[in-house]
Amino acid sequence: TACETSLARASAAKRILVFVIIIPETDWAGHTALLESRFKRADRSAPSGQHFYTVGNQHTNSQQCYPASRNTTIIVLASQLVTGAARLAGRVKEVFRERPPP
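The present account deals with the structure reproduced in this document. Fair warning: this is a prediction, and the values are worked out from it, not measured in the lab. (Residues numbered from 1 in each chain as written. Predicted model: local features only at pLDDT ≥ 70, side-chain atom pairs only at ≥ 80, totals over all residues. Heavy atoms only, no water.)

Residues other than glycine seldom take positive phi values, yet K14 does so here, at roughly 60°. Inspection of the secondary structure puts K14 in the loop between α1 (2-12) and β1 (18-24). (Helix = DSSP H or I, 4+ residues; strand = E, 2+ residues; numbered from the N terminus.)

Pasting the structure below:
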């Protein structure tokens, strides 16, 4: 993937590049590939019904925010080991538990 290629280039150049990826848990092969990435530094799962998401049509949807109907995975990928990757993933998970204001 482009993400893996970018991380590999950054790693070879001894530069730090970090991606925080938030995706629904599915049986999509890309989900599995991200979890198996050699650049994965942390991951967390946010259970369905215990966190919220905002749909992409905020400009036309007055509801905007819904309880998630499936688990969501938070993955931190980094070109090098970074201090705080697990804490970052955990904090992102906590933010998703808070319902955004209307």
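Another point: a nonpolar patch on the surface. A contiguous nonpolar patch, built from I16, V18, V20, I22 and L88 and spanning about 390 Å² of accessible area, is present on the exposed surface. Broken down by element, the nonpolar patch gets its largest block of residues, 3 residues, from β1. Residue position: L88 is located in helix α3 (residues 85-97). (Patch = residues over 30% accessible without salt bridge, like charges linked within 9 Å, V, L, I, M, F, W, Y side chains within 5 Å. Areas by Shrake-Rupley, 256 points an atom, 1.4 Å probe, with all protein chains shown as cover. Salt bridge = Lys/Arg side-chain N within 4 Å of Asp/Glu carboxyl O.)

Let's shift gears to the sheet that holds strand β5 (residues 72-78). Spatial ordering of the open sheet is given by β1-β5-β2, a layout of 3 strands whose pairing is antiparallel. One side of each edge strand has no neighbouring strand; the edge strands of this open sheet are β1 and β2 (40-46). Going from strand to strand, the sheet's axes swing by 15° on average, the running direction of each strand aside. Where β1 meets β5, 7 bridges bridge the pair, whose relative direction is antiparallel. By the bridge assignment for β5, F19 is matched with L77. Where α1 meets the sheet, its contacts fall on β1 and β5, and the angle it forms with β1 comes to roughly 160°. Running at roughly 25° to β2, α3 makes contact with β1, β2 and β5 of the sheet. (Pairing = 2+ DSSP bridges. Axes fitted to C-alpha atoms, helices over the stretch in contact; angles between N-to-C directions. Contact = heavy atoms within 4.5 Å.)

Attention shifts here to the pattern of salt bridges. Applying the stated criterion across every chain, the model contains 1 salt bridge. A salt bridge links K40 to D43; its shortest N-O distance comes to 3.1 Å. K40 gets classed as partly exposed once you look at its relative accessible area, which sits at 28%. (Buried < 20%, exposed > 50% of the residue type's maximum accessible area, 1.4 Å probe, protein only.)

This part covers the environment of S6. Its place among the elements puts S6 in helix α1. C-alpha of S6 to C-alpha of S79: the two residues are 73 residues apart in sequence and 8.5 Å apart in space. Setting aside residues no more than four positions away along its own chain, S6 makes contact with L17 and F19.

To continue, consider the nonpolar core. With 8 residues, the main nonpolar core is built from C3, L7, I21, I23, L34, F39, I75 and L77. Contributing elements (two or more residues each) for this core: α1, β1 and β5. Beyond its immediate stretch of four places on either side in the chain, L77 contacts C3, L7, L17, V18, F19, I21, L34, S37, F39 and K40. (Core = buried A, V, L, I, M, F, W, Y, C linked by side-chain atoms within 4.5 Å.)

By themselves, these are just geometric observations and shouldn't be taken as functional.
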